[in-house]
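These are the residues of each chain, in order.
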Amino acid sequence: MSSPTYSGLISSEEALEREKSAFILDKAILRAICEEGPLSLEDIRVQTLPLEAAIGVKIDLPTIQEIINKYIKQGLIWENK
């Protein structure tokens, strides 16, 4: 069974405008999905690796999944199964 991928429902410009006050990790995940989607959870993890040093926190898959779930609930992205 393959992993789900995630796609944006709005443009990356709209997403970033809406998320001006979001944390840098949240913005990076939303931007990646809206610009480059569909992306798997593992693809998103690879793209967020450079942020670990910048924010000083290990970014794990559960953290990424939590952010993705938030954006799904807000109608900004959707899960391709």
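S.K.: In this structure, what is going on with the overall build of the chain? I would like to understand it.
M.R.: In terms of helices and strands, the chain carries four helices and three strands. For the chain, the α and β elements follow one another from N to C terminus as β-α-α-β-α-α-β. Expected size for 81 residues packed as a compact globule is a radius of gyration near 12 Å; at 12 Å, the chain falls within 12% of this value. Oriented by its inertia axes, the alpha-carbon framework of the chain measures out at about 35 × 30 × 20 Å. The buried share of the chain, reckoned over its 81 residues, is 37%. Here the contacts in the chain between residues at least 6 apart in sequence split such that 65% fall between residues at least 24 apart. Roughly 4900 Å² of accessible area belongs to the chain as shown, and the carbon and sulfur atoms make up 56% of that amount. With 9 positive and 13 negative side-chain charges, the chain shows a spacing of 5 Å between the two charge centroids.

S.K.: I tried to follow helix α3 (residues 41-55) on my own but got confused; where do I start?
M.R.: Along an α-helix, residues three or four apart share an orientation, since each turn contains 3.6 residues. Given a rise of 1.5 Å per residue, 15 residues ought to cover 21 Å, and the 20 Å separating the end C-alpha atoms of α3 matches this to within 8%. For α3, the principal kink sits at L49 and spans about 40°; a proline, P50, occurs within the next four residues.

S.K.: Looking at this structure, how should I read helix α4 (residues 61-73)?
M.R.: Taking 1.5 Å as the rise per residue, α4 with 13 residues should run 18 Å; its terminal C-alpha atoms sit 18 Å apart, in good agreement. Of the surrounding secondary structure, the elements contacted by the buried residues of α4 are β1 (5-8), α2 (24-36), α3 and β3 (77-80). Just beyond α4, the residue with positive phi is G75, at close to 80°.

S.K.: Whenever I open this one, the packing of aromatic side chains confuses me. Can you help?
M.R.: Ring pairs (aromatic) are described by centroid distance and by the angle formed between their planes. Taken as a whole and judged by the stated rule, the model has zero aromatic pairs. If you follow K70 out to its NZ or CZ, it ends over the ring of Y71, 4.7 Å from the centre.

S.K.: Looking at this structure, how should I read the packing of α3 against α4?
M.R.: Geometrically, a packed helix pair is captured by the angle between its two axes and the distance between the axes. Close contact between α3 and α4 brings their axes to 10 Å; oriented N to C, the two are set at 110°. One element, α3, and the other, α4, form an angle in the roughly perpendicular class. Here L41, I44, R45 and T48 of α3 come into contact with α4, specifically with L61, I64, Q65 and I68. The residue inventory of the contact of α3 with α4, partitioned by class, reads five nonpolar, two polar and one charged.

Thresholds, definitions, all that
- Sequence positions are assigned chain by chain, starting from 1 and proceeding in written order.
- Residues qualify for local features only when their pLDDT is at least 70, as the model is predicted, and side-chain atom pairs are given and counted only at 80 or more; totals for whole chains, interfaces and linings, by contrast, use all residues.
- Excluded from the side-chain calculation are hydrogens and water; included are all heavy atoms of the structure.
- Where helices and strands are cited, they refer to DSSP runs of H or I of at least four residues and of E of at least two residues respectively, numbered from the N terminus.
- Both definitions apply: the radius of gyration is a C-alpha atom measure, and the globule rule equals 2.2 Å times residues to the power 0.38.
- Each residue gets one of three labels from its accessible area relative to the maximum for its type: buried under 20%, exposed over 50%, partly exposed in between, using a 1.4 Å probe on protein chains only.
- Residue contacts are counted whenever heavy atoms from the two residues lie within 4.5 Å of one another.
- All accessibility values rest on the Shrake-Rupley procedure with a 1.4 Å probe; residue burial counts only the protein chains present in the view.
- Only four residue types enter the tally: Lys and Arg on the positive side, Asp and Glu on the negative side; His and the chain ends are excluded.
- Charge placement uses NZ in Lys and CZ in Arg. For Asp and Glu, CG and CD serve respectively.
- By this rule the span expected of a helix is its residue count minus one, scaled by 1.5 Å.
- Take the seven residues that end at a residue and the seven that start at it, fit an axis to each, and the angle between those axes is the bend at that residue.
- Stacked, tilted and edge-to-face are the three classes assigned to paired rings of Phe, Tyr and Trp, where Trp is represented by its six-membered ring and a pair needs centres within 6.5 Å; plane angles under 30 degrees give stacked, over 60 edge-to-face, the rest tilted.
- In this scheme, the term charge over a ring applies when either NZ of a lysine or CZ of an arginine sits within 6 Å of the ring centre and within 35 degrees of the ring normal.
- Here an angle of 0 to 180 degrees is reported between the N-to-C directions of two axes, which are lines fitted to C-alpha atoms, with helices fitted over the stretch in contact.
- In what follows, roughly perpendicular refers to angles from 65 to 115 degrees, roughly parallel to angles under 35, roughly antiparallel to angles over 145, and oblique to any angle outside these ranges.
- Charged residues are taken to be Asp, Glu, Lys and Arg, nonpolar residues to be Ala, Val, Leu, Ile, Met, Phe, Trp, Tyr, Cys and Pro, and polar residues to be all remaining types, Gly included.

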